[in-house]
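# What the coordinates show
The chain contents come next:
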Amino acid sequence: MQQLLSQMTQEEKIGQLCQVSGAEGYVPDHIRHAIQSGQVGSVINEVHKETINELQRIAIEESRLGIPLLVGRDVIHGFKTIFPIPLGQAASWNPEIIEQGAKVAAKEASMAGVNWTFAPMIDISRDPRWGRIAESLGEDPYLCAELGSAMVKGFQGDYLYGESIAACAKHFVGYGAAESGKDYCATNIPPNELRNVHMVPFKAASENKVATFMSSFSDIDGVPASGNKWLFDQVLRKDWQFEGFVVSDWESISQLTIHGLTENLKGAAWKAFDAGIDMEMVSTGYRDHLSELLQEHDEDDTRLNQMVERILTTKFQLGLFDQPTLECPGIFEQLPEAHLQAAKQAAVESCVLLQNRDDVLPLNKNLSKIAVIGPLADDGYEQLGTWIFDGEERHSQSILSAVQSSVSEQTQVEFHRAMNTSRSHEVQNMDALTESVSNADVAILVLGEEAILSGEAHCRAELGLPGCQEQLIEQLRQTDTQLVLVILAGRPLTLEPVLNNVDAVLYAWHPGSMGGPAVADLLFGDANPSGKLPVTFPRKVGQIPIYYSQKLSGKPVNEHNFVHIDDIPVRAAQTSLGMASNHLDVHFTPQFQFGFGLSYSQFSYQNLQLSTKQIDVDGTLVVSVDVHNTSNRTGVEVVQLYIHDRVASLTRPPKELKGFQRVSIGPGQTQTVTFNIDKRHLGFYIADGTYLCEPGIFSIGIGSSSNPELWNEFELIKTP
Ligand code: NOJ
């Protein structure tokens, strides 16, 4: 490495810091020349086998030092085999399924010559209006840290070699807190929340050796991330000792000028370099100005060398220097069955059963007639969701086709698209549709959002079912037929207007290539729902931000002091109202709480036991609970553990997730589930990054959602 570095000219070193955007399918002359003269360290968005092979050949054979390229691509929830959107995968609460998905994606992407992905996105997301919530792992730091680290492990394997690719923890930091859920907006995050919420999954990713970090587009307290020295130089490098390299987001260095932090691209390049951004994505501040800037700032090559070294180290770790050529084999035509089955299992575990009145689900496969309704029922493209650059509709199996192949030969399945798209304002053939539903034993309505309604820059101010879907449901409610609503969406939607009009709701997110068979297995009981919400579902947009770990106010609301607008007497005195922290026009609870999800089995919780009532900060508390499956079906329950540090020098949330376990329990069986709790779960960070564990009383809650069934308490002590 040092030998290679010592042979490099300053121009070649700066070249390693530059990422260029490839032209799809061919190598344009300007990129060919730039690679030949050592001015490119990485290409982004090139996936054609021949082009990637040619790009690497030029780098290896025609540049002076033959340094291979990092080939970056957004491989977010699958490459060819598309898994559920990350928010859906998070609903599995299953690190293994997430690791497996990333492993399959890495294998497929590496076959196409891609060696670096820009995932996982571990931005804490508490605003469903934000389109990128789809790409996130939800609202909770602990869950996001666990699942994000599993994704890193899946992409990177034990070594960055062979079928592994480098991962990227993005977007450091606070991108998900964009004001009003509008993409790229400024964020306002106090240090306490930055440290204890937004940074938590990133710290975990760094500890789990993620190869790279990406800076966020956001303005953080006046300094956009890509020029934020405190964030990268102090926190990431000095405090966390992160050894990989940092890439900017797409043109986020040149955007420092639009933010108003610098006058021009040259100033932006200096800010970014000084902050410690190792590689510039697409904009050309480093290429055009860095050499001159180093001279003007009287800066020797020390910091430049460190940046180059970090990038070259990743290339060495990926094994790019080990082969004389980097000919990639290209991706297979038919997706391997094992990949499809992994995607199906992920989709099964991602779906969340939100409502199941009178046990309408699971459905009988021998019904005489099933109506399948909706624009998303037979659309292999829309079910893939956002960020699927390389996924193809032809590999998808739709819900309609899976329903058709699940039912008995005698069952008639009648399909009506009903609306042209999910956003249409008109129902097609309403009369025929109503008749078809009236004559059916059950209607499966597959509604929600098309893929394009979530993702980057696709934010919404309203969160109801789009277009005329609510009216469609209302109309079909007029029939006597039971209605099962399957929702495909990239975010939590506000479902209050339709919940009374349907019998069951299965929330399938955008479930990916194998979404159809997964949903059908759940509808017909070949699989038992086990997904749990990784994010709170509001009743109304006006409740946002609403998340389970919201701090207590001095006047918390409860069933006794809550006053609804309809209950206020005319000319009531101001002080006669409850004077509690709530909106007048919506109940204070969410529609569905974080961690919630039904199963075809029922579970009861008993016997919450603590190994001791007092533990020392260096000790371990063993917490156990008996979970009893009271039903006659085997089911998987996600047992969740929450804590509350009751009094601290900085106020703490009344509930914080600190453990979860997925357990499969047979009918009538009881399983004892055990958690070990220690100081890693009991402390919090203060503004300078110091971790404090303060003695005092803690509550501990265990249950099937963020409204735990059982609570107990213990004392944390510090022996001198
Ligand atoms: C912009 C997005 O914010 C980022 O997440 C993505 O990886 C890059 N574009 C590259 O496509």
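Here the structure is shown first, and the text comes after it.
Structure report, in brief. (Residues numbered from 1 in each chain as written. Predicted model: local features only at pLDDT ≥ 70, side-chain atom pairs only at ≥ 80, totals over all residues. Heavy atoms only, no water.)

## Comments concerning the layout of surface pockets
Roughly 1,000 Å³ of volume is contained in the largest pocket. In this structure, the largest pocket is lined by 38 residues; those nearest its centre are P141, Y142, A145, V200 and K658. Listing elements by their share of the lining of the largest pocket, those giving two or more residues are α6 (95-111), α7 (141-156), α8 (191-198), α9 (200-207), β21 (656-665), α21 (679-682) and β23 (684-685). A per-element tally of the lining of the largest pocket places α7 first, with 9 residues. Residue composition of the lining of the largest pocket, grouped by class: 16 nonpolar, 9 polar and 13 charged. (1 Å grid on protein atoms, 1.4 Å probe; cavity = no way out; pocket = protein on both sides within 12 Å on 5 of 7 lines; lining within 4 Å. Points joined across faces, edges and corners; volume = space filled by probe spheres on them. Helix = DSSP H or I, 4+ residues; strand = E, 2+ residues; numbered from the N terminus. Nonpolar A, V, L, I, M, F, W, Y, C, P; charged D, E, K, R; others polar.)

## Describing the sheet that holds strand β17 (residues 603-610)
Taken in spatial order, the 3 strands make up an open sheet running β17-β19-β22, and their pairing is antiparallel. The strands lining the two open edges of the sheet, one partner per strand, are β17 and β22 (670-677). The mean angle between the axes of side-by-side strands here comes to 20°, regardless of whether they run parallel or antiparallel. Relative to strand β19 (residues 621-629), β17 is paired through 6 bridges, and the arrangement is antiparallel. (Pairing = 2+ DSSP bridges. Axes fitted to C-alpha atoms, helices over the stretch in contact; angles between N-to-C directions.)

## Notes on the sheet that holds strand β1 (residues 18-21)
Strand order in the open sheet made by the 5 strands is β4-β3-β2-β1-β10, with parallel pairing throughout. The strands lining the two open edges of the sheet, one partner per strand, are β4 (116-117) and β10 (280-281).

## Remarks on the pattern of salt bridges
The final tally for this structure, using the stated rule, is 42 salt bridges. The salt bridge involving R129 is made with D127; its shortest N-O contact spans 2.8 Å. Each member of the pair, R129 as well as D127, carries the same accessibility label: buried. The partner of R491 in a salt bridge is E449, and the shortest N-O contact between them spans 2.5 Å. You can see R491 sitting in the loop between β15 (482-488) and α19 (496-499) and its partner E449 sitting in the loop between β14 (442-448) and α18 (469-477), a full 42 residues away along the chain. In this pair, the class of R491 matches that of E449, namely buried. The network of salt bridges with common partners includes R32, E54, R57, E61 and E62. (Salt bridge = Lys/Arg side-chain N within 4 Å of Asp/Glu carboxyl O. Buried < 20%, exposed > 50% of the residue type's maximum accessible area, 1.4 Å probe, protein only.)

## A word on the pairing of β15
With 6 of its 7 residues buried, β15 lies for the most part within the structure. With 7 bridges joining them, β14 and β15 adopt parallel strand pairing. Across the sheet, V446 pairs through a bridge with V486, a residue of β15. For the segment spanning β14, α18 and β15, crossover handedness is right-handed. Where β15 lies against strand β16 (residues 504-507), 4 bridges are found, and the strand directions are parallel. Bridge pairing in β16 links V484 to A504. (Right-handed = clockwise from strand over helix to strand, strands pointing away.)

## Digging into the site of the ligand
Near the ligand you find I44, D74, F118, R132, K170, H171, M214, F217, D249, W250, M281 and E456, and these make up its full shell. Within the side chain of D74, a nitrogen or oxygen atom sits 2.4 Å from an oxygen atom of the ligand. A distance of 2.6 Å is found between an oxygen atom of the ligand and a side-chain nitrogen or oxygen belonging to R132. Here the ligand loses 96% of its free accessible area of 300 Å² to cover by the protein chains. Here the residues of the shell around the ligand are counted per class, giving 6 nonpolar, 1 polar and 5 charged. (Near = heavy atom within 4 Å. Polar contact = N/O pair within 3.5 Å; in protein donor to acceptor, adjacent residues only side chain to side chain. Areas by Shrake-Rupley, 256 points an atom, 1.4 Å probe, with all protein chains shown as cover.)

## Comments concerning the packing of aromatic side chains
Within the structure shown, the criterion is met by 27 aromatic pairs. Ring geometry for W93 and F594: centres 5.3 Å apart, planes at 50°, overall tilted. Of this pair, W93 sits in the loop between α5 (86-90) and α6 while F594 sits in the loop between α20 (515-523) and β17, placing them 501 residues apart in sequence. F594 matches W93 in its accessibility class, with the two residues each being buried. Summarising the aromatic geometry, the rings of F698 and F714 are spaced 5.5 Å apart at their centres and angled 10° between planes, so their arrangement reads as stacked. Taken as a pair, F698 in strand β25 (residues 696-703) and F714 in strand β26 (residues 710-717) lie far apart in primary sequence, 16 residues in all. One exposure class covers both F698 and F714, and it is buried. Clustering of aromatic rings is evident, with ring pairs tying together W93, Y142, Y548, F594, Y642 and F660. (Phe/Tyr/Trp six-rings, centres within 6.5 Å; stacked < 30°, edge-to-face > 60°.)

## Focus on helix α3 (residues 29-36)
Regarding α3, the residues found buried are I31, A34 and I35. Here the buried residues of α3 occupy an arc of 95° about the axis, which is enough to place them on one side. Looking at the residues trailing α3, positive phi occurs at G38, about 70°. (Arc of directions from axis to C-beta.)

## What about the environment of L692?
Mapped onto the secondary structure, L692 falls in strand β24 (residues 691-692). The class for L692 is partly exposed, based on a relative accessible area of 25%. Distance in space between the C-alpha atoms of L692 and K679 is 9.1 Å, their sequence separation being 13 residues. Setting aside chain neighbours within four positions, we find L692 in contact with S649, G683, F684 and I686. (Contact = heavy atoms within 4.5 Å.)

## What to know about unusual backbone geometry
At the junction of K170 and H171, the peptide bond is cis and its omega measures out at 0° in the coordinates. Cis geometry is found at the peptide bond from I544 to P545, where omega equals 0°. Residue position: P545 is located in the loop between α20 and β17. Of note in this structure, D221 is not a glycine but carries a positive phi near 50°. Within the secondary structure, D221 sits in the loop between β7 (219-220) and β8 (223-224).

## Here we look at the side chain of S408
In this fold, S408 is placed in the loop between α16 (399-406) and β13 (412-416). Under the relative-accessibility criterion, S408 is labelled buried at 16%. Side-chain polar atoms of S408 contact the side chain of T411, separated by 2.7 Å.

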